[in-house]
Amino acid sequence: MVALTGGFSISALRLNVSTSHMSRRVKSLQNRLGVKLLAESRSHLRKQAPIRCQEL
């Protein structure tokens, strides 16, 4: 959802959770997978280069 909307705030609003909860969940997923899924800038988020399941 975060990658589709381009930000934690909009995603959190749509999923009815807090922005901090959304951020923690994404960071947790990145840690478990060992890859960075989103590139953050001051104005928005964007997806990193796609990875395949086999690469994990």
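Definitions and cut-offs
- Residues numbered from 1 in each chain as written.
- Predicted model: local features only at pLDDT ≥ 70, side-chain atom pairs only at ≥ 80, totals over all residues.
- Heavy atoms only, no water.
- Helix = DSSP H or I, 4+ residues; strand = E, 2+ residues; numbered from the N terminus.
- Buried < 20%, exposed > 50% of the residue type's maximum accessible area, 1.4 Å probe, protein only.
- Contact = heavy atoms within 4.5 Å.
- Areas by Shrake-Rupley, 256 points an atom, 1.4 Å probe, with all protein chains shown as cover.
- Core = buried A, V, L, I, M, F, W, Y, C linked by side-chain atoms within 4.5 Å.
- Patch = residues over 30% accessible without salt bridge, like charges linked within 9 Å, V, L, I, M, F, W, Y side chains within 5 Å.
- Salt bridge = Lys/Arg side-chain N within 4 Å of Asp/Glu carboxyl O.
- Arc of directions from axis to C-beta.
- pLDDT = per-residue confidence, 0-100.

**Student:** Explain the overall build of the protein chain to me, and be specific about the residues and the numbers.
**Tutor:** On a plain count of helices and strands, the protein chain comes out with 3 helices and 2 strands. Along the protein chain, helices (α) and strands (β) appear in the sequence α-α-α-β-β when read from the amino end. When each of the 56 residues of the protein chain is scored for burial, the buried share is 23%. Of the contacts made within the protein chain by residues no fewer than 6 positions apart, 21% connect residues no fewer than 24 positions apart. Taken as a whole, the protein chain presents about 4,600 Å² of accessible surface, with 52% of it coming from carbon and sulfur.

**Student:** Lay out the nonpolar core with the relevant residues and their values.
**Tutor:** Counting residues in each nonpolar core, the largest one holds 6 residues, listed as Val2, Phe8, Ala12, Met22, Val26 and Leu38. Where this core is concerned, the elements lending two or more residues are α2 (8-15) and α3 (19-33).

**Student:** Describe in detail unusual backbone geometry, supporting the description with residues and values.
**Tutor:** Phi at asparagine 16 is positive, roughly 60°, even though this residue is not glycine. Take asparagine 16: it is sitting in the loop between α2 and α3.

**Student:** A description of a nonpolar patch on the surface should follow, citing residues and the corresponding values.
**Tutor:** Side chains of Met1, Leu15 and Val17 sit close together on the surface and give an oily, nonpolar patch of about 240 Å² of accessible area. As for its position among the elements, valine 17 is in the loop between α2 and α3.

**Student:** So what's going on with α2? Residues and values would help.
**Tutor:** Taken as a whole, α2 has its buried residues at Phe8, Ser11 and Ala12. Summarising the axial view, the buried residues of α2 lie within an arc of 100°, below the 170-degree limit, and thus occupy one face. Opposite its buried face, α2 presents the exposed residues Leu13 and Arg14, each directed more than 90 degrees away. At the C-terminal side of α2, asparagine 16 shows a positive phi close to 60°.

**Student:** Residue-level account of the confidence of the model for the protein chain, with values.
**Tutor:** Averaged over all residues, the pLDDT of the protein chain is 76; the fraction at 70 or higher stands at 68%. Per-element confidence in the protein chain is highest for α3, whose mean pLDDT is 89, and lowest for strand β2 (residues 45-47), whose mean pLDDT is 54.

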